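Here are the chains, one letter per residue:
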Amino acid sequence: MILILDFGSQYTQLIARKVRGLDVKSEIVPCTTSIAAIRRAKPEGIVLSGGPASTYDKGAPKLNPKVLELGVPVLGICYGMFALMRRLGGKNEPASTGEYGRAHLHIENKDALLKGIKNKNQVWMSHGDRVVRTPRGFKTLASTEDCPHAAVANARRRIWGVQFHPEVHHSDNGDRILSNFVFDICGCRADWKMTDFVEQTIAGLREECGDRRVICGVSGGVDSTVLAVLLERAIGKKLIPVFVDNGVLRAGEPDRVVARFRDQLGIRVKRMRTGPEFVRALKGVTSPERKRKIIGDKFIKVFMREIKRGDLLAQGTLYPDVIESVSTKGPSATIKTHHNRVSAVLKLIEQGRVVEPLKELFKDEVRAVGKELGIPKDLLWRHPFPGPGLAVRILGEVTPKRLKLLREADTIMHEELRRSRVYNKIWQAFCVLLPVKSVGVQGDFRTYADVIAVRAVTSTDGMTADWYDMPKPTLARISNRIINEVRGINRVVYDVSSKPPATIEWE
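Quick notes on the rules
Residues numbered from 1 in each chain as written. Predicted model: local features only at pLDDT ≥ 70, side-chain atom pairs only at ≥ 80, totals over all residues. Heavy atoms only, no water. Phe/Tyr/Trp six-rings, centres within 6.5 Å; stacked < 30°, edge-to-face > 60°. Helix = DSSP H or I, 4+ residues; strand = E, 2+ residues; numbered from the N terminus. Buried < 20%, exposed > 50% of the residue type's maximum accessible area, 1.4 Å probe, protein only. Expected span 1.5 Å × (residues − 1). Pairing = 2+ DSSP bridges. Right-handed = clockwise from strand over helix to strand, strands pointing away.

Visitor: What's the story with the packing of aromatic side chains in this structure? I'm lost.
Guide: Here a ring pair, both rings aromatic, is described through the centre-centre distance and the interplanar angle of the planes. If you walk through the whole model with that rule in mind, you get three aromatic pairs. Relative to Y79, the ring of F7 lies with its centre 5.6 Å away and its plane at 45°, an arrangement referred to as tilted. Highlighted residues: F7 in the loop between strand 1 (2-6) and helix 1 (12-21) and Y79 in helix 3 (residues 79-87), separated in sequence by 72 residues. In this structure F7 comes out as buried when scored by relative accessible area, which is 1%. Classification of Y79 by relative accessible area gives buried; the value is 1%. Judged by centre distance (6.1 Å) and plane angle (25°), the ring pair of F299 and F303 falls under stacked. One end of the pair, F299, and the other, F303, are both in helix 9 (residues 288-304), four residues apart, so they sit about a helical turn from each other. Just as F299 is buried, F303 falls in that class too. Three or more aromatic residues link up through ring pairs in this structure, and these residues are F278, F299 and F303.

Visitor: How do you make sense of helix 6 (residues 222-235) when you look at a structure like this?
Guide: Residues three or four positions apart in an α-helix share a direction because the helix packs 3.6 residues into each turn. The end-to-end C-alpha distance of helix 6, which contains 14 residues, comes to 20 Å, matching closely the 20 Å that a straight helix rising 1.5 Å per residue would cover. In terms of burial, helix 6 is largely enclosed, as twelve of its 14 residues are buried.

Visitor: How should the pairing of strand 11 (residues 239-245) be read in this particular structure?
Guide: Each regular strand carries side chains that alternate between the two faces of the sheet. Burial analysis of strand 11 places six of its seven residues in the buried class, the great majority of the element. Relative to strand 11, strand 10 (residues 214-217) is paired through four bridges, and the arrangement is parallel. Paired with V214 across the two strands is L239, which belongs to strand 11. Considered for its hand, the β-α-β crossover made up of strand 10, helix 6 and strand 11 is right-handed. Two strands pair when backbone bridges link them, and strand 11 and strand 12 (residues 270-273) are joined in this way by four bridges, in the parallel orientation. By the bridge assignment, F243 is partnered in strand 12 with R271. Viewed along the sheet, the connection from strand 11 through helix 7 (residues 253-265) into strand 12 turns out right-handed.

As structure tokens, then:
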């Protein structure tokens, strides 16, 4: 087992996911966990996660030096490396320029951690400080253009540190580096399987839910679909799946969701037609945070109409929803409020009335769970769709007119992605209606109309993403059709931002 001490990074759970992907058990605990508790866990190795702070910030989390006296290998990642360097007598300082996104690693010394890693391979950075002096006994293993000590080691003390994030998908050899640490350095065995998770989760749900009914929110997306099937296997008829037709879904989506559950999964879903309520509640609202909170609160109020005393609420919450919304096991920063982490949900959580068996998983792991459950492939590989729906893809006020524009553009985009057979090469693709107008010329007349941004990204887990290099003919057809067929749009732009520094959604 590998134990991860969480210093608040948005990527902490990615480390655990990558280790689990090696078929090795991993657990996350706060960086403040006592030495006695760490000893009881009996880890073969310890990873110190990244975090949003600088080691010189007032109140920045500190590394307990006794962690380094436990006799097991330690790997510090980003902030974890900074914490190691400062604790052991090295020196960190703010860099003249931050490193965010791609960098290229230059190997300077051989070491077990970097075994099999070729020179100048791509790694993913996300930091504003850098190490300028390593502690006595450490050697520099690798550097980047802006980071002179991108990887360091004191093999005698069994301590390693990397400034980059091997846990993110876009570090080319990140899996190999973690594998080197887990197997070659820590000596772990590959004996943890996804089938274990499925069996343990179903058994856990039976115990957690008991004889109580469970009101499960389903959207037709991967997460809530896998959740519903897990619950159906665990509690049978005590499951009450509810689909909220909230008025901010894509064209034809409500009918498709109900039919999929009925025809492909054999699950009857109760449909609640509440679209006008949601759209009215969003009138005049332009703040993305307010939109999310309004929709989240409205969802709960709708569900509460179905929930009787003693019933539970089930949500298909994933780890990115949790880590971006609120600080969890470490001192992480809030990125945005997800609809399943609004105040009403948090109150139900405090009451012990929320069931979230997927909240420690990422999208690719949820798909693996769905495959174990026998869910059809076409349901498992749908692109993610945000809980607040099109409301957070309309920048500015949500109105019936603007919803119509976005639905028409989004339908065209998806038709062309499928026609070009690139839909399954993309993690997520969507249109965004911008809060600006632009001048155009259509039919020899001047126009002043709305702008659509097209966003398509590649990813594995949603925590990091890169923009998809869309084939030019596909992009041209999407643009031409939207401009020609959607009255009120005269310009289409393509988003070429990675995550970080951008998020996948615009709001």
